[in-house]
Amino acid sequence: QVQLVESGGGLVQAGGSLRLSCAASGGTFSSYSWFRQAPGNEREFVAAISWNGGTTTYASSVKGRFTVPRDNAKNTVYLQVNSLKPEDTAVYYCAAGSWSTRARGYVYWGQGTQVTVSS
């Protein structure tokens, strides 16, 4: 049974940083992605990384501030979020099973972790 478990969210002041984790079990995928969803908004793509090649892609709104490190030995992918802004406040989700910026393309999702940025 495939499981994706996120952790690392929290409350942080604007300009601060967090490191979100996504631990995968029950399977290994060729790529992992991060999405986020703010209240009243659709789930939006944030970043993705290919597991073997290290190829990454980012939404324009986070490029230069977020990175997607990974630890193959731990079957874990991270989302390093820096220079946070209040508009980054959302529930952040890890997803696997596709290489797409559209949420509907993914089968496997984690439960989400809340990131709240205060001004």
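Anything mentioned here points back to the structure above.
Just so it is clear, the structure is predicted and the values come from calculations on it, not from any experiment. (Residues numbered from 1 in each chain as written. Predicted model: local features only at pLDDT ≥ 70, side-chain atom pairs only at ≥ 80, totals over all residues. Heavy atoms only, no water.)

**Thoughts on unusual backbone geometry**
And then number 1: Phi is positive for Asn-75, close to 55°, though the residue is something other than glycine.
And then number 2: Positionally, Asn-75 belongs in the loop between strand E8 (70-71) and strand E9 (76-81).
And then number 3: Positive phi, normally seen in glycine, also occurs at Ser-83, with a value near 50°.
And then number 4: Mapped onto the fold, Ser-83 is located in the loop between E9 and strand E10 (90-96).
And then number 5: A relative accessible area of 40% places Ser-83 in the partly exposed class. (Helix = DSSP H or I, 4+ residues; strand = E, 2+ residues; numbered from the N terminus. Buried < 20%, exposed > 50% of the residue type's maximum accessible area, 1.4 Å probe, protein only.)

**Here's the deal with the pairing of strand E5 (residues 44-50)**
And then number 1: The buried count for E5 comes to six of seven residues, which makes it a mostly enclosed element.
And then number 2: In the sheet, strand E4 (residues 31-37) pairs with E5 via six bridges, with the strands oriented antiparallel. When the bridges of E5 are listed, Ser-31 appears paired with Ser-50.
And then number 3: Where E4 folds back onto E5 in an antiparallel hairpin, the turn is made up of six residues, including Gly-40, whose phi is positive at roughly 80°.
And then number 4: For E5 and strand E6 (residues 56-58), the ladder comprises three bridges, and the chain directions are antiparallel. Note on E6: the bridge partner recorded for Ala-47 is Tyr-58. (Pairing = 2+ DSSP bridges.)

**Digging into the environment of Ser-83**
And then number 1: Residues Ser-83 and Gln-13, spaced 70 residues apart in sequence, show a C-alpha to C-alpha distance of 9.5 Å.
And then number 2: With residues near it in sequence (within four places) discarded, Ser-83 still touches Gly-15, Gly-16, Ser-17, Arg-65 and Asp-88. (Contact = heavy atoms within 4.5 Å.)

**Points about the pattern of salt bridges**
And then number 1: Under the definition given, this model contains three salt bridges.
And then number 2: The salt bridge partner of Arg-36 is Glu-44, with a shortest N-O separation of 2.6 Å.
And then number 3: Exposure remark for Glu-44: the relative accessible area of 37% places this residue in the partly exposed category.
And then number 4: By sharing partners, the salt bridges in this structure join Arg-36, Glu-44, Arg-65 and Asp-88 into a single network. (Salt bridge = Lys/Arg side-chain N within 4 Å of Asp/Glu carboxyl O.)

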